[in-house]
Structures are given as structure tokens and as C-alpha cells.
Amino acid sequence: AAPSPKMMENTVFMSFTFYSTILILKMYVVAIITGQVRLRKKAFANPEDALRNGGLQYYRDDPDVERNLLSLSRAHRNDMENIFPFLFLGAIYSLLDPSPAVARIHFFVFCVGRIVHTIAYLLRLKAPTRSVAYGVAQLPCFSMALQILLATTPYW
């Protein structure tokens, strides 16, 4: 079903939807890279995957693969710990009728921070790149959370 016209009129929600979708696609890319690392090195964690890709001799551990998968796993887990709360906060924040320009800045800053954070994880960039990206991405979340609390305090 097509989105309701009322929802399409909410430019803040549409902006939130755009940036949220970018972030979800980024998470999919990390998941795809995970599979590609195993496929490229032919080091599969499951015998059925090894059989499908050349035989049981590829059902094995590979130190390079394990090291790469550890970084990918951490990046993916960190995404889930941060993007899922953003999805909640951004959706509720969108309903508060904030300034579209300010809201777009919130969503953009979070999105760019998470992308830089993932790049820093995957490319093992020097400190403090990942930490700074993490911190910058948290600022709009704290801002949205505070605004939500201020708007809902009369109802508790």
C-alpha cells in the first residue's frame, strides 16, 4: 500500500526514513562483506557451505578470516547497539514536529558518524577516528532523546 498522504507531508519523517534506509543498507553491506571474506579465502564455518563451495577441505579456520570476521562482527554488533535506538528515537522525534532543517542535521550527523565508524572499523584506521565518529553520532541521539523527554514529561 502507498504511504498515506498525511505521512508523505511530514518532511521530517521522510528525511528520517531516507537516512534510516541508508543505515540499514550499510548494515546489509557489512553482512555481505562477512560472507565475501569467507568465500574469498574458502574458509567456511559450516560443512554444508564448504561442500557447496568446493568440498569439506574448506571447512576450516583461517587466521586471516577469523581476524577480519572479528572486526566485522564487532562493527555489526556496534551498529545494532546504536542504529536500533536511533530508529526508535528518530521515529518518535519526527512526530514532535521539529524544525525540518534541524531534524535533517540530526539525521545526517548520525548517519555520517555511523558510516565513518564502520569504515574506521573495517580499515582499522588509527585512533581516535572510530571513537570520534562514535561520539559525534551519539550527539543527535542524546539531543532527540532529551527533546522527546521534554515533550512527554507532562504525561508521565
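Going by the structure above, here's the rest.
Just so we're clear, the structure is a prediction, and the values are computed from it rather than from any experiment.

S.K.: Looking at this model, I keep getting lost on the overall build of the protein. Mind explaining?
M.R.: The secondary structure content of the protein amounts to six helices and zero strands. Along the chain direction, N to C, the helices and strands of the protein fall in the order α-α-α-α-α-α. Taking 156 residues into account, the globule formula puts the C-alpha radius of gyration at 15 Å, and the protein, at 20 Å, lies well above it. Taken along its principal axes, the extent of the C-alpha atoms in the protein is 65 × 45 × 30 Å. The proportion of buried residues among the 156 residues of the protein is 31%. Of all intrachain contacts in the protein linking residues separated by at least 6 positions in sequence, the fraction that spans at least 24 positions is 69%. Element-wise, carbon and sulfur atoms account for 68% of the exposed surface of the protein, whose accessible area totals about 9,600 Å².

S.K.: Would you take a moment to explain unusual backbone geometry for this structure?
M.R.: Only a minority of non-glycine residues have a phi that is not negative, and only a minority of peptide bonds are not trans. Geometrically, the link from A127 to P128 is a cis peptide bond, its omega value of 5° lying close to zero. Tracing the backbone through its elements, the reader meets P128 in the loop between α5 (100–123) and α6 (129–152). The phi angle at K42 is positive, at roughly 50°, despite the residue not being glycine. Here K42 lies in the loop between α2 (11–41) and α3 (47–52). Residue class for K42 comes out partly exposed when judged on its relative accessible area of 28%. The backbone of D97 shows a phi angle near 60°, a positive value even though the residue is not glycine. With respect to the element layout, D97 can be found in the loop between α4 (63–94) and α5. Under the relative-accessibility criterion, D97 is labelled exposed at 71%.

S.K.: What's the story with the side chain of R114 in this structure? I'm lost.
M.R.: With respect to the helices and strands, the residue R114 is situated in helix α5. Side-chain polar atoms of R114 contact the side chain of D79, separated by 2.8 Å. Residue contacts for R114: discarding those within four places in its chain leaves L23, K26, N78, D79, N82, I83, Y134 and A137.

S.K.: Looking at this structure, how should I read the environment of F110?
M.R.: The topology assignment puts F110 in helix α5. Judged by its relative accessible area of 0%, F110 falls in the buried class. The spacing of F110 and D49 is 61 residues in sequence and 36 Å in space, taken between C-alpha atoms. Every residue in contact with F110, bar those within four places of it in the chain, is listed here: L23, N82, I83, F86, A137, Q138, P140 and C141.

S.K.: Sorry, what's going on with the packing of aromatic side chains here?
M.R.: What describes a pair of aromatic rings is the distance from one ring centre to the other and the angle between the planes of the rings. Going through the model one piece at a time under the given rule, you end up with eight aromatic pairs. Measuring from ring centre to ring centre gives 6.2 Å for Y19 and F108, while their planes differ by 75°; the resulting arrangement is edge-to-face. Residue Y19 is found in helix α2, and its partner F108 is found in helix α5; the two are separated by 89 residues along the sequence. Given a relative accessible area of 43%, F108 falls into the partly exposed group. Ring centres 6.1 Å apart and planes at 90° place the aromatic pair Y93 and F107 in the edge-to-face group.

The rules behind each value
- Residues numbered from 1 in each chain as written.
- Predicted model: local features only at pLDDT ≥ 70, side-chain atom pairs only at ≥ 80, totals over all residues.
- Heavy atoms only, no water.
- Helix = DSSP H or I, 4+ residues; strand = E, 2+ residues; numbered from the N terminus.
- Rg over C-alpha atoms; globule rule 2.2 N^0.38 Å.
- Buried < 20%, exposed > 50% of the residue type's maximum accessible area, 1.4 Å probe, protein only.
- Contact = heavy atoms within 4.5 Å.
- Areas by Shrake-Rupley, 256 points an atom, 1.4 Å probe, with all protein chains shown as cover.
- Polar contact = N/O pair within 3.5 Å; in protein donor to acceptor, adjacent residues only side chain to side chain.
- Phe/Tyr/Trp six-rings, centres within 6.5 Å; stacked < 30°, edge-to-face > 60°.

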